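# Notes for the structure review
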Amino acid sequence: MNFLSPLTEGLRGLGRAVLFLFTILAGIPAALLRPRLILQQIYSVGVLSLIIIVISGSFIGMVLALQGYRTLVNFGAASSLGVLVALSIVRELGPVVTALLFAGRAGSALAAEIGLMKATDQLSGMEMMAVDPIKRVIAPRFIAGLVAMPLLVSIFSLMAIGVAGGHAIGVELLGVDDGSYWSQINQAMHGTDIRDMLIKGTVFGLAISWIAVYQGYHAAPTSEGVSRATTSTVVVSSLAVLALDFVLTAFMFH
Amino acid sequence: MTTAADSLVRVRSLKFGFGPKVIYDGIDLDIVRGKITAILGPSGTGKTTLLRLIGGQWKPDAGSIEFDGIDVHRQSRSQLFELRKRMGLLFQSGALLTDLSVFENVAFPLREHTAFPESMIRDLVLMKLEAVGLRGAAKLYPSEISGGMARRVAMARAIALEPDMIMYDEPFTGQDPISMGVLIRLIQGLNKSLDLTSVIVTHDVEDVMRIADYVYVLSGGKVLDHGSPAEVQHSKSDLVRQFLNGEADGPVSFHYKAARGYADDLMAGRE
Ligand SMILES: Nc1ncnc2c1ncn2[C@@H]1O[C@H](COP(=O)(O)OP(=O)(O)OP(=O)(O)O)[C@@H](O)[C@H]1O
Ligand SMILES: [Mg+2]
């Protein structure tokens, strides 16, 4: 009986989270009527994450170029570097790393903001002013996360591939041929790769936004509760992203 | 007691609890139109809970609450929201939106519920802020104003939609005598000039007695006494007099009930 209780508790939490998702979805039409609120949120989560995404994308691109070149040159295949970089970024690293960074930067901030609004009675206050906090506060933030993630994934991937290319071609040590780098990418990458990247980005965005607003909205109204909500947001959404990535990749591989 | 037409809020046989913990064990209460009603009671009796019940945020376990003849807890969500536009609730904390300026906080209910043009919203907001003496603070943010000012901003916001009733939750806690006086005069002034009905929930007995028309004293889930301030001050109940005079000992014990005696508790640590 006792060893089952974490399991039942977990299932109950999942049930609550699913119900909460339906409440948010019901609030989305009303939120869409006020695009300014959504744009504000896209701006705020986007700007929060943009710098960290650009910098990480560049470094990962450079590291991939170095590692890839070292391996490929042994087989005399250094000209295939472009394919290696582009496919690993677009298929895996782009969506996953962006999602992990997004969870750490924007997801945690979202949970903390909503949790604090709850702890300081701002959400109850809205309810008493006959304003539905789900429509006014939660739904716009949820939509913003959903829209921002695929955009950020694209920016990350472009950055990484571009910088890796620039590095490989520009650094004399490596001296990969300019033409072959880009033409190989052109040949090996298909529309489906881009589509799958955007699907992954959107699904991860949904998961992170959902987890973040759920944790914030259901935080205990104390400073400890808010800090716990922030931490759980990062932990739970990172694990969710990795698990979802496996599932999505398995489907896309077919 | 009062006749039905007089009372804006009618609470009947209200029962409410958090899980096994009983907060209200069947209370009746009337808030009379146009008057200032004070609800007094020791900390933790459930005064804030009562306001949330009246506002429809929580549902009673039994009994009913009517606002202007409408049962608050038998409304659809949108009907409830319509009712709430007619009542303002000032939270203990003020509950201002911290990412908006004072001006935008007061404008918030107008922007949410009306399609007024910007110039009209501006005029209305400035009028409400002027009424609470804070027109000069319009551009400041909630983090830049004092607690007393935050409460006045919350008042300005609560009167923005011109409600029938305002409920104040502990409006005086943590205020110096001057700002307390300001708040008291303001509550009284607004009640008169805007033809409001006011409910003040507090444990600051002395000050509220000066402006209240009617007083309820709650404790232990029951209404201990009610009447005009003078009537309540000479209550037959020891408990009420203890509370109103602020004596530490009397029917209400200073000590929270412990499972075992003090000496036993101390000795228990030595085993
Ligand atoms: N969300 C909640 N869940 C469980 N118990 C609660 C909750 N909110 C309040 N309580 C309990 O209900 C009781 C009444 O709380 P309430 O806030 O209404 O008291 P109060 O009379 O307003 O006190 P104070 O004067 O200190 O503000 C308290 O004992 C509190 O512990
Ligand atoms: Mg209270």
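Model, not experiment: these values are computed from the prediction.

### Notes on the overall build of chain A
- The secondary structure content of chain A amounts to eight helices and zero strands.
- Secondary structure of chain A in N-to-C order comes out as α-α-α-α-α-α-α-α.
- When the backbone C-alpha atoms are referred to their principal axes, chain A occupies close to 70 × 50 × 35 Å.
- Burial status across chain A gives 48% buried among its 254 residues.
- Across chain A, contacts joining residues at least 24 apart in sequence account for 82% of those joining residues at least 6 apart.
- For chain A, the exposed surface amounts to about 12300 Å²; the carbon and sulfur share of it is 71%.
- Of the charged side chains in chain A, 14 are positive and 13 negative; the average position of the first set lies 9 Å away from that of the second.

### Quick look at the nonpolar core
- Among the nonpolar cores identified, the biggest contains 67 residues, and Phe20, Ile138, Tyr181 and Val213 of chain A are the most heavily contacted of them.
- Elements supplying a minimum of two residues to this core: helix H1 (5-32), helix H2 (35-74), helix H3 (81-119), helix H4 (122-128), helix H5 (133-170), helix H6 (178-188), helix H7 (191-217) and helix H8 (223-253) of chain A.
- Excluding anything up to four places from it in sequence, Ile138 of chain A contacts Phe20, Ile24, Ile114, Pro133, Val213 and Tyr217 of chain A.
- By size, the runner-up hydrophobic cluster in this structure holds 50 residues, among which are Val106, Leu129, Ile211 and Val240 of chain B.

### A word on the coordination of the magnesium ion (ligand 2)
Residues and elements named next belong to chain B.
- At the metal site, the magnesium ion (ligand 2) is ligated by Thr48 (OG1) and Gln92 (OE1), and these contacts range over 1.9 to 2.7 Å. Note that Thr48 is positioned in helix H1 (residues 47-54) and Gln92 in the loop between strand E6 (87-90) and helix H3 (102-113), a separation of 44 residues in sequence.
- Residue Gln92 is classed as partly exposed on the basis of its relative accessible area, which comes to 37%.

### Quick look at the packing of aromatic side chains
- Inspection of every chain in the model, using the stated rule, returns six aromatic pairs over all chains.
- For the ring pair Phe16 of chain B and Trp58 of chain B, a centre distance of 6.1 Å and an interplane angle of 10 degrees mean the geometry is stacked. On the criterion of sequence distance, the pair formed by Phe16 of chain B in strand E1 (residues 7-18) and Trp58 of chain B in the loop between H1 and strand E4 (62-67) is long-range, its members being 42 residues apart.
- Its relative accessible area of 30% is what places Trp58 of chain B among the partly exposed residues.
- The structure contains a cluster of three or more aromatic residues connected by ring pairs, namely Phe20, Tyr214 and Tyr217 of chain A.
- Across from the ring centre of Trp58 of chain B, 5.3 Å away, lies the NZ or CZ of Arg52 of chain B, which sits over that ring.

### With respect to unusual backbone geometry
- Backbone geometry places Ala130 of chain A, a non-glycine residue, at a positive phi of 65 degrees.
- Phi is positive for Glu162 of chain B, which is not a glycine, with a value near 50 degrees.
- Along the chain, Glu162 of chain B falls in the loop between helix H5 (147-158) and strand E7 (165-169).
- With relative accessibility at 56%, the residue Glu162 of chain B sits in the exposed group.

### Remarks on the site of ligand 1
Residue and element names in this part refer to chain B.
- The immediate surroundings of ligand 1 are formed by 13 residues, with Lys21, Ser43, Lys47, Thr48 and Thr49 found nearest.
- Between ligand 1 and Lys47, the relevant distance is 2.8 Å, taken from an oxygen atom to a main-chain nitrogen or oxygen of the residue.
- With respect to ligand 1, the side chain of Thr48 contributes an N or O atom lying 2.6 Å from an oxygen atom.
- The fraction of the free accessible surface of ligand 1 (630 Å²) that becomes covered by protein chains is 64%.
- Mapped onto the shell around ligand 1, the elements with two or more residues apiece are strand E2 (21-32) and H1.
- It is H1 that provides the largest number of residues to the shell around ligand 1, a total of three residues.
- Split by residue class, the shell around ligand 1 holds two nonpolar, eight polar and three charged.

### Details of the pairing of strand E3 (residues 36-40) of chain B
Residue and element names in this part refer to chain B.
- Burial analysis of E3 places five of its five residues in the buried class, the great majority of the element.
- Alternating residues of E3 divide into Ile36, Ala38 and Leu40 and Thr37 and Ile39, and every residue in both groups is buried.
- Relative to strand E8 (residues 197-202), E3 runs parallel, the two being bridged by five bridges. The residue of E8 that forms the bridge with Thr37 is Val199.
- By the bridge criterion, four bridges tie E3 to strand E9 (residues 214-219) in an arrangement that is parallel. By the bridge assignment for E9, Leu40 is matched with Val217.

### Digging into the sheet that holds E4 of chain B
Residue and element names in this part refer to chain B.
- Pairing is antiparallel across the open sheet formed by four strands, whose spatial order is E2-E1-E4-E5. Strands with a single pairing partner mark the edges of an open sheet, and in this sheet they are E2 and strand E5 (70-71).
- In terms of strand pairing, E1 meets E2 through nine bridges, oriented antiparallel. Within E2, the position partnered with Lys15 by the bridge is Asp25.

### Description of the interface of chain A and chain B
- Chain A puts 15 residues into the contact, and the matching count from chain B is 21 residues.
- Where chain A abuts chain B, roughly 1700 Å² becomes buried across the two surfaces, and 56% of that area is made up of carbon and sulfur atoms.
- When the buried area of chain A at its contact with chain B is split by residue, Gln122, Met128 and Met129 of chain A rank highest and sum to 41% of it.
- At the junction of chain A and chain B, the tally comes to six salt bridges.
- The closest approach of N and O atoms between Arg52 of chain B and Asp121 of chain A, which form a salt bridge, is 3.2 Å.
- Seen at the junction of chain A and chain B, the total is 10 residue pairs in polar contact (both at pLDDT 80 or more).
- Looking at the side of chain A that touches chain B, the element that brings in the most residues is H4 of chain A, giving six residues.

### So, the packing of H3 of chain A against H8 of chain A
Residue and element names in this part refer to chain A.
- Direction vectors running N to C along H3 and H8 enclose 150 degrees, while the axes themselves pass 8 Å from each other. Relative to H8, the element H3 lies roughly antiparallel. Crossing handedness for the pair H3 and H8: right-handed.
- Its residues assigned to classes, the contact of H3 with H8 shows 13 nonpolar, nine polar and two charged.

The rules behind the values
Residues numbered from 1 in each chain as written. Chains lettered and ligands numbered in written order. Predicted model: local features only at pLDDT ≥ 70, side-chain atom pairs only at ≥ 80, totals over all residues. Heavy atoms only, no water. Helix = DSSP H or I, 4+ residues; strand = E, 2+ residues; numbered from the N terminus. Buried < 20%, exposed > 50% of the residue type's maximum accessible area, 1.4 Å probe, protein only. Contact = heavy atoms within 4.5 Å. Areas by Shrake-Rupley, 256 points an atom, 1.4 Å probe, with all protein chains shown as cover. Lys, Arg positive; Asp, Glu negative; His and termini not counted. Charge placed at Lys NZ, Arg CZ, Asp CG, Glu CD. Core = buried A, V, L, I, M, F, W, Y, C linked by side-chain atoms within 4.5 Å. Donors = N, O, S within 2.8 Å, 3.2 Å for Na, K, Ca; no water. Phe/Tyr/Trp six-rings, centres within 6.5 Å; stacked < 30°, edge-to-face > 60°. Lys NZ or Arg CZ within 6 Å of the ring centre and 35° of its normal. Near = heavy atom within 4 Å. Polar contact = N/O pair within 3.5 Å; in protein donor to acceptor, adjacent residues only side chain to side chain. Nonpolar A, V, L, I, M, F, W, Y, C, P; charged D, E, K, R; others polar. Pairing = 2+ DSSP bridges. Buried area = accessible area lost by both parts, 1.4 Å probe. Salt bridge = Lys/Arg side-chain N within 4 Å of Asp/Glu carboxyl O. Axes fitted to C-alpha atoms, helices over the stretch in contact; angles between N-to-C directions. Parallel < 35°, antiparallel > 145°, perpendicular 65-115°, else oblique. Left-handed = near helix turned anticlockwise from the far one by under 90°.

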